[in-house]
Amino acid sequence: MNADVLGTDYETRTLPLGGVDLSATLVRRRARPASRGAVLYVHGFADYFFQKHVAEHFTARGFDFYALDLRAYGRSLRAGQTANFVTDLAEHFEEIDAAVRVVREEDGHRNLVVLGHSTGGLITTLWAHERRADGLFDALVLNSPWLDLAEPWITRTVGTALIRGVGRIAPKLVLKKGLGPVYGQSIHSDHHGEWDFDTTWKPIEAFPVLAGWLRAIRRGHATVHKGLDVSVPVLLLRSARSHLHAKKWTQEAMGADTVLDVEHMQRWAPKIGSRVTVVQVENGLHDLFLSAEPVRNRALAEIDEFLDSI
């Protein structure tokens, strides 16, 4: 482990992956002692791990905390790579598997909670289904997981059919230059938020949306919609409301999910498995952990209660 940009309490380890100059990064903060096991966090699109207060919350409760920066994201992004790009979400299973090996085999944790946000929530859900018989983890917590496209019906149907064809033929075709500024301005301290993060790793308007990547996302959505069999207890946290497609920031953005449709999360949650609990968090942002302090504390308290109950 090496020192991390977050400070002396954080260590990083490079996880080599198949492919030239391809790796992921595992961040670790130790508990003193780690009496309850470990939490492994997986971020969303145009994101990386910087939420120190989340790590501090779990280590204070006896969990060693780990976070993955996935391939071509954040700490793992290398010169010449296309940021945040894969053509199959299952490619990310390799780094989750590698991280779990470190957590369980090298660091000796028997109990593991997997925590995914947004796109990371979709990826970890698919991974949890594929690894359901392996006994690798004990619970899955989802923070505003991306379970469907936050677009009108015609885009989710006819548009998806087009994306599947275009994404196969021209995977790096730019479909959108970014996701717009509203969410980034709601969370960054240079604008209306509390948080200082590296905007080369997490741009205010995100990275371009590429056809091959969106094709992978829609294939992942379709897999969820057909029904999964995640056998461990699952907690899905979402905001109480969405505020979508705004072109400019307004105060309304500070109490809603401005990225995804929370009703999609509610609709598709039962397809994840038979032990899914959904909790809505009033005034939550897309990343509930970056919401106003009382809101993020409520989200973390819900996780505490859930973990205490299993």
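First things first, this report covers the structure right here in the doc. Values in this document were obtained by computation on a predicted structure and should not be read as measured data. Residue positions within a chain follow its written sequence, with the count starting from 1. Since the coordinates come from a predicted model, pLDDT governs what is reported: local features require at least 70, and pairs of side-chain atoms require 80 or more to be given and counted, while whole-chain, interface and lining totals use all residues. Values reported for side chains reflect all heavy atoms of the structure, with hydrogen atoms and water molecules removed beforehand.

Here we look at the pairing of strand 3 (residues 23-29)
- A 1.4 Å probe rolled over the protein chains alone gives each residue an accessible area, and that area as a share of the maximum for its type sets the label: buried under 20%, exposed over 50%, partly exposed in between. For the purposes of this entry, the term helix denotes a DSSP run of H or I that reaches at least four residues, the term strand denotes a run of E that reaches at least two, and both are numbered from the N terminus. In terms of burial, strand 3 is largely enclosed, as seven of its seven residues are buried.
- Where strand 2 (residues 7-16) and strand 3 come together, six bridges link them in antiparallel fashion. The residue of strand 3 that forms the bridge with Thr 14 is Thr 25.
- DSSP calls a pair of strands paired once it identifies at least 2 bridges connecting them. Counted between consecutive antiparallel strands, the loop separating strand 2 from strand 3 contains six residues, among which Gly 19 sits at a positive phi close to 120°.
- Inspection of the sheet shows strand 3 paired to strand 5 (residues 63-69) by five bridges, in the antiparallel sense. Bridge pairing links Arg 28 to Tyr 66 in strand 5.

Observations regarding the pattern of salt bridges
- We count a salt bridge whenever a side-chain nitrogen from Lys or Arg sits within 4 Å of a carboxyl oxygen from Asp or Glu. Per the stated rule, a full pass over the model turns up 21 salt bridges.
- Residue Asp 229 pairs with Arg 132 through a salt bridge whose shortest N-O separation is 3.8 Å. One end of the pair, Asp 229, is in the loop between helix 6 (211-226) and strand 10 (234-239); the other, Arg 132, is in the loop between helix 3 (119-130) and strand 7 (139-143), and 97 residues separate them in sequence.
- With relative accessibility at 36%, the residue Arg 132 sits in the partly exposed group.
- Each of the salt bridges in this network shares a partner with another, and the network as a whole consists of Glu 11, Arg 28, Arg 30, Asp 64 and Asp 107.

Section: the packing of helix 1 (residues 52-60) against helix 8 (residues 293-309)
- For every element, the axis is a line fit to its C-alpha atoms; helices are fit only across the contacting stretch, and the angle between N-to-C directions ranges from 0 to 180 degrees. Running from amino to carboxyl end, helix 1 crosses helix 8 at an angle of 35°, the nearest separation of the two axes being 12 Å. As helix 1 runs across helix 8, the sense of the crossing is right-handed. Each of His 53, His 57 and Phe 58 in helix 1 lies in contact with helix 8, whose residues at this interface are Arg 296, Leu 300, Ile 303, Asp 304 and Leu 307.
- Classification convention: Asp, Glu, Lys, Arg as charged; Ala, Val, Leu, Ile, Met, Phe, Trp, Tyr, Cys, Pro as nonpolar; all other residues, Gly among them, as polar. A breakdown of the residues in the contact of helix 1 with helix 8 according to their chemical character gives four nonpolar, two polar and two charged. Put simply, a crossing is left-handed when the front helix is turned counterclockwise from the back one by less than a right angle, and right-handed when it is turned clockwise. Whether two residues touch is decided by their heavy atoms; if any such pair falls within 4.5 Å, the residues are in contact.

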